[in-house]
Amino acid sequence: MGAAMRRIHVGNALSAFGLGFTVPYLYVYVAQVRGLGAMTAGLVLAVFAVAALFVLPFAGRAIVRRGPLPVLLTALLTAAVGSLSLGLSAHAPTVLVSAALLGAGQAVMQPALATMIVDCSTAETRSRAFATQFFLQNLGLGVGGLIGGHLVDTSSTASFTLLFAIEAAMFLLLVVVMTTLRLPHSPRIENAPGRSAKGSWKQLLGNRAMVQLCVLGFVLFFACYGQFESGLSAYGVEAAGISTSALGTALAANTAMIVVAQFAVLKFVERRRRTRVIAAVGVIWAIAWLTAGYAGLGHGSQEMATAAFVSTYALFGLGEAMLSPTVAPLVADLAPEGMAGQYNSAFALVKQLALAVGPAVGGPLGASLHAPYIVTFLLFSLGITYLAIRLGKQLTPVQNQPSLKKSRVVAQGGATAKSLAA
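Since the model is a prediction, treat every value here as computed from it, not as a measurement.

Turning to the overall build of the chain, a few remarks are in order. Regarding its fold elements, the chain presents 18 helices and 0 strands. The C-alpha radius of gyration of the chain comes to 22 Å, within 12% of the 22 Å expected for a compact globule of 422 residues. For the chain, the spread of C-alpha atoms along the three principal axes comes to 70 × 50 × 35 Å. Evaluated residue by residue, the chain yields a buried proportion of 52% over its 422 residues. Pairs at least 24 residues apart make up 85% of the contacts formed inside the chain by residues separated by at least 6 positions.

Shown next, in the form of structure tokens:
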């Protein structure tokens, strides 16, 4: 990696650390420590998500016109202000405004950093770059949550103020790191006719492959990430009798699988068609849901149910490790020249929508309708396989398998195509 890519990965790790450092404790902080009640705490979590949905449609256009670095610095400063003010807020209005600033800032960081990875990588190195990003994000989330959990004390407001102040300082430190970054030149779209915000979205929606990838992405995030801390955990507690400590073990197993498997599967993934890798993930997740079904609906011992439930989270982690070097680089490869920021923001918006809808649907279903819950998400996982195979028909061979770019046969074919077009 070059110096620029190293700084970008430091940025990914630190931003993920900040997210894991405070977000898991938002509900407890607002409802109990500040004494604002469960309703206000729920509104804070909703505002955190809605703010992201509001800013992401504009973030892509800003990245295209201004470049990812200025947008990232603005997002970091916004998140720092939101975090610090959240730690100092004692009343509902200021808490809600602070949560909106923090949520908006953290949401915009994602497409900005992803676009910087695109600018600093090639088609051949992009999968490894995004795999490293995902690895560091999970590491940052895990370490942040672990350290944050040891710092907070529900009987001490000052401990939470310190928590949010450290997060704000982390974002400001990242501003300093990123101001030293020198990105390679990448094309920018400036005042081109027909490239207004409306025109940019129209062009994106006219890209059938990107639209299909967004649909696939929604199902991926809805059926996996949207269930981790809502429907699946509720199902584990209510149907399988999983204890809170076992639930923590399951989440740790998910992170451990990602950390262990990420680079082990990378070489396997790089030599395969991307859509076939995604289709395989659908099958793996279908097995995960069957395993979860056994944990809650089977008639084995409590030990067997717990083992099956932990295995479910581990299987999800294996699928995640396969997706990280596959989906994000494909978004970049589908983007026209200079439009990576717009495409990354659109995909981040789809992800955020799935993460907002997933818990709302999966939570009540997993807590009360156990068998329908498993069947529903088993079918969603098989739907991932179907959508991936269908997407493969919209991609060029090189988009689907970048390693083919090194093939002389593909190169000769591309030259022939160009000569015919001429």
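Having seen the structure, we can now continue with the description.
Contact geometry of helix H15 (residues 340-368) with helix H16 (residues 370-392) gives a least axis separation of 6 Å together with a crossing angle of 135°. As summarised for this structure, H15 and H16 are arranged oblique, according to the angle between their axes. Contact residues: H15 offers Gly362, Leu365, Gly366, Ala367 and Ser368, while H16 offers His370, Tyr373, Thr376 and Phe377. Looking at the contact of H15 with H16 residue by residue, the classes come out as 4 nonpolar, 5 polar and no charged.

Glancing now at the pattern of salt bridges. Summed over all chains, the structure comprises 1 salt bridge. Where Asp333 meets Arg274, a salt bridge forms, and the shortest distance between an N and an O atom there is 2.8 Å. With a gap of 59 residues between them, Asp333 in helix H14 (residues 327-334) and Arg274 in helix H12 (residues 274-297) connect regions that are remote in the sequence.

Right, let's talk about the environment of Gly298 for a bit. Positionally, Gly298 belongs in the loop between H12 and helix H13 (302-323). By relative accessible area, which is 29% here, Gly298 ends up partly exposed. Linking Gly298 and Phe268, residues 30 residues apart in sequence, is a C-alpha distance of 34 Å.

Mapped onto the elements of the fold, Thr385 is located in helix H16. Among the polar contacts listed, one links the side chain of Thr385 to the backbone nitrogen of Val283, at a separation of 3.5 Å. Setting aside residues no more than four positions away along its own chain, Thr385 makes contact with Ala279, Gly282 and Val283.

Considering all chains together, one arrives at 16 aromatic pairs under this definition. By way of ring pairs, the aromatic residues Phe218, Phe222, Tyr235, Trp285, Trp289, Phe316, Tyr373, Phe377 and Phe380 are connected into one cluster.

Now for the confidence of the model for the chain. Of the residues in the chain, 91% have a pLDDT of 70 or more, and the chain-wide mean is 81. No element of the chain has a lower mean pLDDT than helix H18 (residues 408-421), at 37, and none a higher one than H16, at 92. This model gives residues 186-196 a pLDDT under 50, and the stretch forms 22 contacts once residues within four places in sequence are excluded. Below a pLDDT of 50 lies the segment residues 408-422, which in the model reaches 2 contacts outside its immediate sequence neighbourhood of four places, other chains included.

The next thing to look at is helix H3 (residues 37-66). For H3, spanning 30 residues, the distance from its first C-alpha to its last is 41 Å, which sits close to the expected 44 Å at 1.5 Å a residue. Along its length, H3 reaches its greatest deviation from straightness, about 35°, at Leu56, and the proline Pro57 lies no more than four positions downstream. Phi for Gly67, located one or two positions after H3, is positive at around 95°.

Tracing the backbone through its elements, the reader meets Gly11 in helix H1 (residues 3-22). Measuring from C-alpha to C-alpha, the distance between Gly11 and Gly87 comes to 23 Å, with 76 residues separating the pair along the chain. Discounting residues that sit within four places of it in the chain, Gly11 has contacts with Leu113, Leu174 and Met178.

The subject of this paragraph is the packing of H12 against H16. The contact between H12 and H16 brings their axes to 7 Å, and the two run at 170°. In terms of their interaxial angle, H12 and H16 are classed as roughly antiparallel. Taken together, the residues of the contact of H12 with H16 break down into 19 nonpolar, 7 polar and no charged.

Right, let's get into the environment of Ala16. Along the polypeptide, Ala16 turns up in helix H1. Distance from Ala16 to Leu139, taken between C-alpha atoms, is 8.1 Å for residues 123 residues apart in sequence.

Cut-offs applied
Residues numbered from 1 in each chain as written. Predicted model: local features only at pLDDT ≥ 70, side-chain atom pairs only at ≥ 80, totals over all residues. Heavy atoms only, no water. Helix = DSSP H or I, 4+ residues; strand = E, 2+ residues; numbered from the N terminus. Rg over C-alpha atoms; globule rule 2.2 N^0.38 Å. Buried < 20%, exposed > 50% of the residue type's maximum accessible area, 1.4 Å probe, protein only. Contact = heavy atoms within 4.5 Å. Axes fitted to C-alpha atoms, helices over the stretch in contact; angles between N-to-C directions. Parallel < 35°, antiparallel > 145°, perpendicular 65-115°, else oblique. Nonpolar A, V, L, I, M, F, W, Y, C, P; charged D, E, K, R; others polar. Salt bridge = Lys/Arg side-chain N within 4 Å of Asp/Glu carboxyl O. Polar contact = N/O pair within 3.5 Å; in protein donor to acceptor, adjacent residues only side chain to side chain. Phe/Tyr/Trp six-rings, centres within 6.5 Å; stacked < 30°, edge-to-face > 60°. pLDDT = per-residue confidence, 0-100. Expected span 1.5 Å × (residues − 1). Bend = angle between axes of the 7 residues up to and from the residue.

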